[in-house]
Amino acid sequence: MQYPVLEINLKKLKYNAKMEFDYLHKYGIDVMGVNKVFNGTPETALAIVESGYTVVAEAVTANLKKIKDIPCEKALLRSPGLSEIPDVITYADISLVAEAETIKALSKEAVKQNRLHKALLMIDMGDIREGIWYENREEIETALELILDLPGLEVYGLGTNFGCYGTILPTPENTMAFIELARQLEKKFDIKFKYLSGGNCTSYHLVAQGIMPKEINQLRIGAQHLFGIEYVEEKYLEGYCHSSKDVKNYASDSYILKCEIIELRDKPTVPVGELGLDSFMKTKTFNDRGIRRQAVIALGFQDVSFENIHPADDRIQVDGQTSNHTIIDLGDTGNDYRLGDIIDFEIDYTALMTICNSANISKIFID
Ligand SMILES: *Cc1c(COP(=O)(O)O)cnc(C)c1O
C-alpha cells in the first residue's frame, strides 16, 4: 500500500448516524444526511443511507454525479450556479434556492429533461450567507410564487441556516421567527410546507434541551454523525455521544490518517545559520529543545494543515510543515519507530475536509 492513506471506519459512521437519525425521529425531525465533507465519497453516502437516511446532500454538483447510484434522494446543499443548471437537474432531486432567476432557469431545464425538481427556499435569519433576507417579504413571496407556478418545480420546504458563516446560534427566538414567517406564507398562498428545514448540527442542542419548536421537522446534519460531536457546549451532549472522547473535536478512531516515515534521525530543534523566510514567506521562531529524534513524514500542507491533526501516539509531537513535508518529534519513543513505519493521526473536521479534497491521499474503508 502507498501512503498517506485515510482510513474511514464505516461501522462507526453508521453507528453515529443511526443513533442521530433515531434520536431526532423521536422528536418528529427528519434528517438530511450531509456527505459534503467526504467530497462525494459513495461509500460514506451509502453508509448513512444504510443507517436510515433517505436524502444525502452534497455541496458540489460534480459530487452528486459520484453518488448517483446510491439508492436515495440527492440534494445540492447550496444555490445552483446558473452555469450548472443542466447537471443540477440531472443529478439533484432537491436544491436550496434563493434567487428568482435561478428558479426560472431550474424550471426551464426541468421541463426540458422531463424531471420534477424540488426547491428548498432558503431564508436568511441573520447568519448573512445563503437565503433571502427575512425582512424582504416581497422578494420571498416572489420566489415562492415562482416555485409554485412554474412547471417542473415543486416546493420542498422553507429552510434556514445558522452558524456556518455568521456564527449566529440557533435559538428558540430566531427559530420561532422563522416558523412565524413560514406560517404567514402558508396562509397567504394557501399551502402547507412539507418541510421546515431548521438548520445544521448547531440546532441539535435545542432538541437535546427540549426547546426546539415542534414545527421544525427537518435538520440537515453532517458534522454530528461524522464525529459524534457538534460545536456547542459539551454539557448539551451528555447522554448522546457514545464515549466521552467523541465529545472532543477529534473523532477518536473513526478516521485515521496514516503517514509514512521517509526520513528518521537525531537533529537539533533549532536551525543552524541565519534565519530568513520559510516556503510560505513567513518568519519563524524555534524553541530550543536540544537534539531530538526527528522524523520526516510524507504529508504536506497541500493535503492538510498540521494544526488539524493529532498523533495517536501521545509521545509524538508535530513540529511543523511545508508544502509536502511534515516534521515530527518522536520524543520518548526510543527505538519504537523505524524508516518506513506508519504514524497514525486523529483528525478534526477541517482536516477531514481537506484530506478528502486531496488527490494525494487514498481512502480505505473498514466495515
Ligand atoms: C454544511 C451545511 C449543513 C450541515 O452542517 P453540519 O455542520 O455538517 O451539520 C447544513 N446546511 C447547509 C446549508 C450547509 O451548508
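Residues numbered from 1 in each chain as written. Predicted model: local features only at pLDDT ≥ 70, side-chain atom pairs only at ≥ 80, totals over all residues. Heavy atoms only, no water.

### With respect to helix 2 (residues 42-50)
Every buried residue belonging to helix 2 is among Thr44, Ala45, Ala47, Ile48 and Val49, and all of these are buried. Among the structural elements, strand 1 (5-9), helix 1 (10-26), strand 2 (30-34), strand 3 (55-58), helix 9 (223-227) and strand 17 (362-366) are those in contact with the buried residues of helix 2. Gly52 sits one or two positions beyond helix 2 and adopts a positive phi of about 120°. (Buried < 20%, exposed > 50% of the residue type's maximum accessible area, 1.4 Å probe, protein only. Helix = DSSP H or I, 4+ residues; strand = E, 2+ residues; numbered from the N terminus. Contact = heavy atoms within 4.5 Å.)

### A short note on the domain arrangement of the chain
By domain assignment, the chain separates into domain 1 (10-246) and domain 2 (255-366). Computed from C-alpha atoms alone, the centre-to-centre distance between domain 1 and domain 2 is 37 Å. Facing 15 residues of domain 1, the contacting portion of domain 2 comprises 12 residues. For the pair domain 1 and domain 2, the summed buried area comes to about 1100 Å², and 63% of that belongs to carbon and sulfur atoms. Sorting the residues of domain 1 by area buried against domain 2 places Val37, Phe38 and Phe227 first, and these three jointly supply 43% of that buried surface. Inspection of the region where domain 1 meets domain 2 yields three residue pairs in polar contact (both at pLDDT 80 or more). Mapped onto the side of domain 1 that touches domain 2, the elements with two or more residues apiece are helix 1, helix 2 and helix 9. Of the residues contributing to the side of domain 1 that touches domain 2, the split by class is eight nonpolar, three polar and four charged. (Domains from an automatic or database assignment. Buried area = accessible area lost by both parts, 1.4 Å probe. Polar contact = N/O pair within 3.5 Å; in protein donor to acceptor, adjacent residues only side chain to side chain. Nonpolar A, V, L, I, M, F, W, Y, C, P; charged D, E, K, R; others polar.)

### Some thoughts on the site of the ligand
Taken together, 13 residues are adjacent to the ligand, and Lys36, Arg129, Arg220, Gly222 and Ala223 come closest. The separation between a nitrogen atom of the ligand and a polar side-chain atom of Asn161 is 3.4 Å. For the ligand, whose free accessible area comes to 380 Å², the fraction covered by protein is 93%. Here the shell around the ligand is built from residues that sort into six nonpolar, three polar and four charged. (Near = heavy atom within 4 Å. Areas by Shrake-Rupley, 256 points an atom, 1.4 Å probe, with all protein chains shown as cover.)

### Re the pairing of strand 3
Of the two faces of strand 3, the one lined by Val55 and Ala57 and the one lined by Val56 and Glu58 are each fully buried. Relative to strand 3, strand 2 is paired through two bridges, and the arrangement is parallel. In the strand pairing of strand 3, Gly33 is matched with Val56. Each parallel crossover has a hand, and the one from strand 2 via helix 2 to strand 3 is right-handed. Relative to strand 4 (residues 73-76), strand 3 is paired through four bridges, and the arrangement is parallel. By the bridge assignment for strand 4, Val55 is matched with Glu73. Handedness of the crossover is the feature at issue here: the chain leaves strand 3, passes through helix 3 (residues 61-66), returns alongside strand 4, and the resulting connection is right-handed. (Pairing = 2+ DSSP bridges. Right-handed = clockwise from strand over helix to strand, strands pointing away.)

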